[in-house]
Amino acid sequence: MITVRGLTKDFRAVRAVDDLDFTVEPGSVTGFLGPNGAGKSTTMRMVLGLDRPTSGTALVLGRPYADLRAPLCQVGALLDANAMHPGRSGRGHLRTLALSNGISAARVEAVIEQVGLGQAAGRRVKAYSLGMRQRLGIAAALLGDPAVLLFDEPVNGLDLDGVRWIRALLRGFADEGRTVLVSSHLMSEMQVVADRLVIVGRGRLVADATTQEVLLGLGGQRVRVGTTAAAVLAAALRGRAATVEQVGPDELDVTGLAAREVGDVALAVGAPVHHLAPVEHSLEQAFLRLTGDDVEYHGTVPADPDHTTRTPEGANR
Ligand SMILES: Nc1ncnc2c1ncn2[C@@H]1O[C@H](COP(=O)(O)OP(=O)(O)OP(=O)(O)O)[C@@H](O)[C@H]1O
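Counting restarts for each chain: residues are numbered from 1 in the order of the written sequence. Predicted model: local features are reported for residues with pLDDT of at least 70 only, side-chain atom pairs are reported and counted for 80 or more only, and whole-chain, interface and lining totals are derived from all residues. Calculated side-chain values reflect all of the structure's heavy atoms, with hydrogen atoms and water omitted.

Q: Mind showing me how you'd approach the nonpolar core here?
A: In a soluble, globular protein the nonpolar side chains are often hidden away together inside. In this structure, Leu94, Leu117, Ile138, Leu143, Phe151, Leu170 and Ile199 are the most contacted members of the largest nonpolar core, which totals 52 residues. Whether two residues touch is decided by their heavy atoms; if any such pair falls within 4.5 Å, the residues are in contact. The contacts of Leu170, once residues within four sequence positions are left out, are Val29, Phe151, Val180, Val182 and Val193. Side-chain atoms within 4.5 Å link the members of a nonpolar core, which is a set of buried Ala, Val, Leu, Ile, Met, Phe, Trp, Tyr and Cys residues. Type-normalised accessible area, obtained with a 1.4 Å probe on protein chains alone, sets the label of each residue: buried when under 20%, exposed when over 50%, and partly exposed for intermediate values. By size, the runner-up hydrophobic cluster in this structure holds 23 residues, among which are Leu20, Leu48, Val60 and Leu150.

Written out as C-alpha cells, the structure reads:
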C-alpha cells in the first residue's frame, strides 16, 4: 500500500505538488494520470525517497521509504529507463543491483526470462532499443519480488507489442495482490489498464475514483434527449432537480436522472422524444473536463467538436 497525506513539494517558486492525499491499495492497478508538468514524477520520487517533501508524508507499506529494511524487496520502481550504465550488459546491470541487495544470481536469470530479454542479456545496454531498456528497467524493479510497484510512464516510446506486454504484466501483478501505481499522461492507455485513477493537475488532486466512475463523470451520468419541445421538457426536468443543458436546437443533456426517468418526465409533459440515450464519455473527455484549467502548458488545438457537452459539475473540487 502507498499512503500519501498532505504531500507538498516546492521547487523555489514552483509548487510542483500541492497538498496531495491519496491511497494506493493492493490488488488493483492504479493509474496516476495528469497532463505534462502535473507533478506525477515528483510525487513518485517522493514516495521513493528521492525527493524530500516540503511538507506532508508519503509512506510505503506504512513507512517512509528510507525506513524500509530491504527496499528492493519491498518496492520496485521504473522511473527512467535510460538511467543505466551504457557500457554494462543487461545481465551485468541486474547482477550489480542484486549483489548490493543480497539477491541471488538465479533470481537475476529468472527476471531476465520473465521480461523476455534472454537473447539480449549479454549485450551492452547502449545497444538496446528503448523497448529493451524498458524491459531491463522492469526486470530491475522485479528483482526483489516486491509487493509494491511504481512505473513512471512505462509505455512511452513502446510499439504495440511492448504496450500490450506491459498491460498484461501490470494486470498480472495486480491479480497477484501487489500494489501497482502507474503514471501516464495517456488517457486512452489508462482507460484500458487502470482499475482506479488518481488524477492530478498542477500538483493538486483532481479526482480519486474508479475508472468507471471517472468515465461516468464522477457519478453524474448524462442522458441526451432529442425533442422538439426542449423548453417545456427542460423546465419539467429542472423541476425534478436535474441539471439540464441545451446542446442543440432540439437537444438536451440531462444530469441527475436516469434515461428511463427522463423518458417518464417527457411523457408526463407531452414532449415528443426523438432519441434518448446515456452519453458514454471516453476517459479522454472526462480527463479534459477534469483537468482543463490545470494544464501547465496549453498548446493551440482545433476547436473541440464536443465542447457543447462539457459542464463543470462533474469536477470534484
Ligand atoms: N528538479 C526540479 N527543479 C525545478 N522544478 C522542477 C523540478 N522537477 C520538477 N519540476 C517542476 O515541477 C512541476 C511538476 O513536474 P513533474 O515532472 O513532477 O510533472 P509530471 O506530471 O511528471 O510531468 P510529465 O508528464 O511531463 O513527466 C513542473 O512544473 C516541473 O517543471
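Q: Just to check I follow, could you spell out the environment of Glu213 for this structure?
A: Following the sequence through the fold, Glu213 ends up in helix H8 (residues 211–215). According to the relative accessible area criterion, Glu213 is partly exposed, its value standing at 38%. Between the C-alpha atom of Glu213 and that of Leu197, which follows or precedes it by 16 residues, the distance is 9.3 Å. Looking at Glu213, its side chain comes within polar contact range of the main-chain nitrogen of Thr210, at 2.9 Å. Each helix is a run of DSSP H or I of at least 4 residues and each strand a run of E of at least 2, with the numbering of both proceeding from the N terminus. Here a polar contact means two N or O atoms within 3.5 Å. Within protein one must be a hydrogen donor candidate and the other an acceptor candidate, and residues neighboring in sequence count only if both atoms are side-chain atoms.

Q: Help me out: how do you make sense of the packing of aromatic side chains in this one?
A: Remark: the centre distance and the inter-plane angle together describe each pair of aromatic rings, the angle taken between the planes. Centres within 6.5 Å are what make two rings of Phe, Tyr or Trp a pair, Trp counting through its six-membered ring; a difference in plane orientation under 30 degrees is then read as stacked, over 60 as edge-to-face, and the rest as tilted. Evaluation of the coordinates by the stated rule reveals two aromatic pairs. Here Phe22 and Phe32 contribute two aromatic rings whose centre-to-centre distance is 5.4 Å and whose plane-to-plane angle is 45°, an arrangement assigned as tilted. On the criterion of sequence distance, the pair formed by Phe22 in strand E2 (residues 14–24) and Phe32 in strand E3 (residues 29–33) is long-range, its members being 10 residues apart. Neither residue differs from the other here; Phe22 and Phe32 are each classed as buried. Ring centres 6.4 Å apart and planes at 10° place the aromatic pair Phe151 and Phe173 in the stacked group. Of this pair, Phe151 sits in strand E6 (residues 148–152) while Phe173 sits in helix H6 (residues 160–175), and the two are 22 residues apart along the sequence. Considered together, Phe151 and Phe173 belong to a single accessibility category, that of buried residues. Ring-over charges, as used throughout, are those where CZ of Arg or NZ of Lys falls within 6 Å of the ring centre and within 35 degrees of the ring normal. Here the basic side chain of Arg135 rests over the ring of Trp165, its NZ or CZ set 4.2 Å away from the ring centre.

Q: Is there a simple way to explain the pattern of salt bridges in this structure?
A: Salt bridge, as applied in this entry: a Lys or Arg side-chain nitrogen positioned within 4 Å of an Asp or Glu carboxyl oxygen. Taken as a whole, this structure holds 14 salt bridges when the rule is applied. What emerges from the salt-bridge pattern is a single network uniting Arg222, Arg224, Glu245 and Asp253.

Q: Where do I start with the pairing of strand E1 (residues 2–11) in this structure?
A: Consecutive residues of a regular strand have side chains that alternate between opposite faces of the sheet. The buried fraction of E1 amounts to seven of the 10 residues, a majority that puts the element mostly inside the structure. Should DSSP find at least two bridges between two strands, the strands are taken to pair. By the bridge criterion, seven bridges tie E1 to E2 in an arrangement that is antiparallel. If you follow Asp10 over to E2, its bridge partner there is Arg15. Counting the residues between successive antiparallel strands, the hairpin from E1 to E2 contains two residues, one of them, Arg12, with a positive phi of roughly 50°.

Q: Which parts of the structure should I look at to understand the side chain of Thr227?
A: Its location among the elements puts Thr227 in strand E10 (residues 222–227). Sequence-distant contacts of Thr227, that is, excluding residues within four places in its chain, are made with Leu233, Asp250, Ala271 and Pro272.

Q: Even after reading the chapter, I still don't get the site of the ligand, so can you show me in this structure?
A: A molecule or strand has a residue near it when one of that residue's heavy atoms lies within 4 Å. Taken together, 13 residues lie near the ligand, and Gly37, Gly39, Lys40, Ser41 and Thr42 sit nearest. In this structure, Gly39 approaches the ligand through a main-chain N or O atom, which is 2.9 Å from an oxygen atom. The side chain of Ser41 places a nitrogen or oxygen atom 2.7 Å from an oxygen atom of the ligand. For the ligand, the protein covers 62% of the area, taking 630 Å² as the surface of the free molecule. At the level of secondary structure, the elements contributing two or more residues to the shell around the ligand comprise E2 and helix H1 (40–47). With three residues, H1 is the largest single contributor of residues to the shell around the ligand. The protein chains shown are the only cover counted for residues, whose accessible areas, like all others here, come from Shrake-Rupley with a 1.4 Å probe.

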